Amino acid sequence: MKKNIILILIVILNLSCSDRKDGAWEDNIKLSQKELQFDSLENSAIIKTGADSWWISAIFFKDGQTFDLSNVDTTANNFTITESEFILERKNGKEIAIKLFENTTGFQRILTVGLQAGNYFDGITITQSTD
């Protein structure tokens, strides 16, 4: 649990930093989209990357819910993560397909996928509304 909290803090800090620091790496992931808005229905999107040397460092959903990625090789060019509320699939090393199932909670849901390549951190945030 403590390890997950530390990982969450690291990803949040890295995603929120906008100023480049000495020694920080340039964008070597090159996401086609970083923020998406979904309505409450089942939706999906494909995000492309400019490189294939990245991996998923963490996934956060709703109120800080994290997912155990220890059984998934997120450096592999192809893998699928299936959860009750979403499916995330990496295809051919350079595509991320994300599907969120219908939001029937009555509350806005936010899915954040933290990515890393070397010492460069980035991420994708999907906000799913309730309407």
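### Here's the deal with the overall build of the chain
Reasoning step 1: When you go through the chain residue by residue, the secondary structure sums to one helix and nine strands.
Reasoning step 2: Taken over 131 residues, the chain has a buried fraction of 37%.
Reasoning step 3: Considering only residue pairs separated by 6 or more positions, the chain has 58% of its internal contacts joining residues 24 or more positions apart.
Reasoning step 4: Roughly 7700 Å² of accessible area belongs to the chain as shown, and the carbon and sulfur atoms make up 50% of that amount.

### A short note on the side chain of Glu85
Reasoning step 1: Summarising the element assignment, Glu85 is placed in the loop between strand S5 (79-82) and strand S6 (86-91).
Reasoning step 2: Beyond its immediate stretch of four places on either side in the chain, Glu85 contacts Phe61, Lys62, Gln65, Lys99, Leu100, Phe101 and Arg109.

### As for the nonpolar core
Reasoning step 1: Among the nonpolar cores identified, the biggest contains 26 residues, and Ile59, Leu88, Ile98 and Ile124 are the most heavily contacted of them.
Reasoning step 2: Elements supplying a minimum of two residues to this core: strand S1 (35-38), strand S2 (43-48), strand S3 (55-61), S5, S6, strand S7 (95-100), strand S8 (109-117) and strand S9 (120-128).
Reasoning step 3: With four residues, S8 is the single largest residue contributor to this core.
Reasoning step 4: Apart from the residues within four sequence positions on either side, Ile59 is in contact with Gln65, Thr66, Phe67, Leu69, Ile81, Phe86, Leu88, Leu111, Thr112 and Val113.

### Thoughts on the packing of aromatic side chains
Reasoning step 1: This model, assessed by the stated rule, comprises two aromatic pairs.
Reasoning step 2: Counting every residue linked through ring pairs, the aromatic cluster contains Phe61, Phe67 and Phe86.
Reasoning step 3: The ring centre of Trp54 lies 3.6 Å from the NZ or CZ of Arg90, which sits over that ring.

Calculation rules
- Residues numbered from 1 in each chain as written.
- Predicted model: local features only at pLDDT ≥ 70, side-chain atom pairs only at ≥ 80, totals over all residues.
- Heavy atoms only, no water.
- Helix = DSSP H or I, 4+ residues; strand = E, 2+ residues; numbered from the N terminus.
- Buried < 20%, exposed > 50% of the residue type's maximum accessible area, 1.4 Å probe, protein only.
- Contact = heavy atoms within 4.5 Å.
- Areas by Shrake-Rupley, 256 points an atom, 1.4 Å probe, with all protein chains shown as cover.
- Core = buried A, V, L, I, M, F, W, Y, C linked by side-chain atoms within 4.5 Å.
- Phe/Tyr/Trp six-rings, centres within 6.5 Å; stacked < 30°, edge-to-face > 60°.
- Lys NZ or Arg CZ within 6 Å of the ring centre and 35° of its normal.

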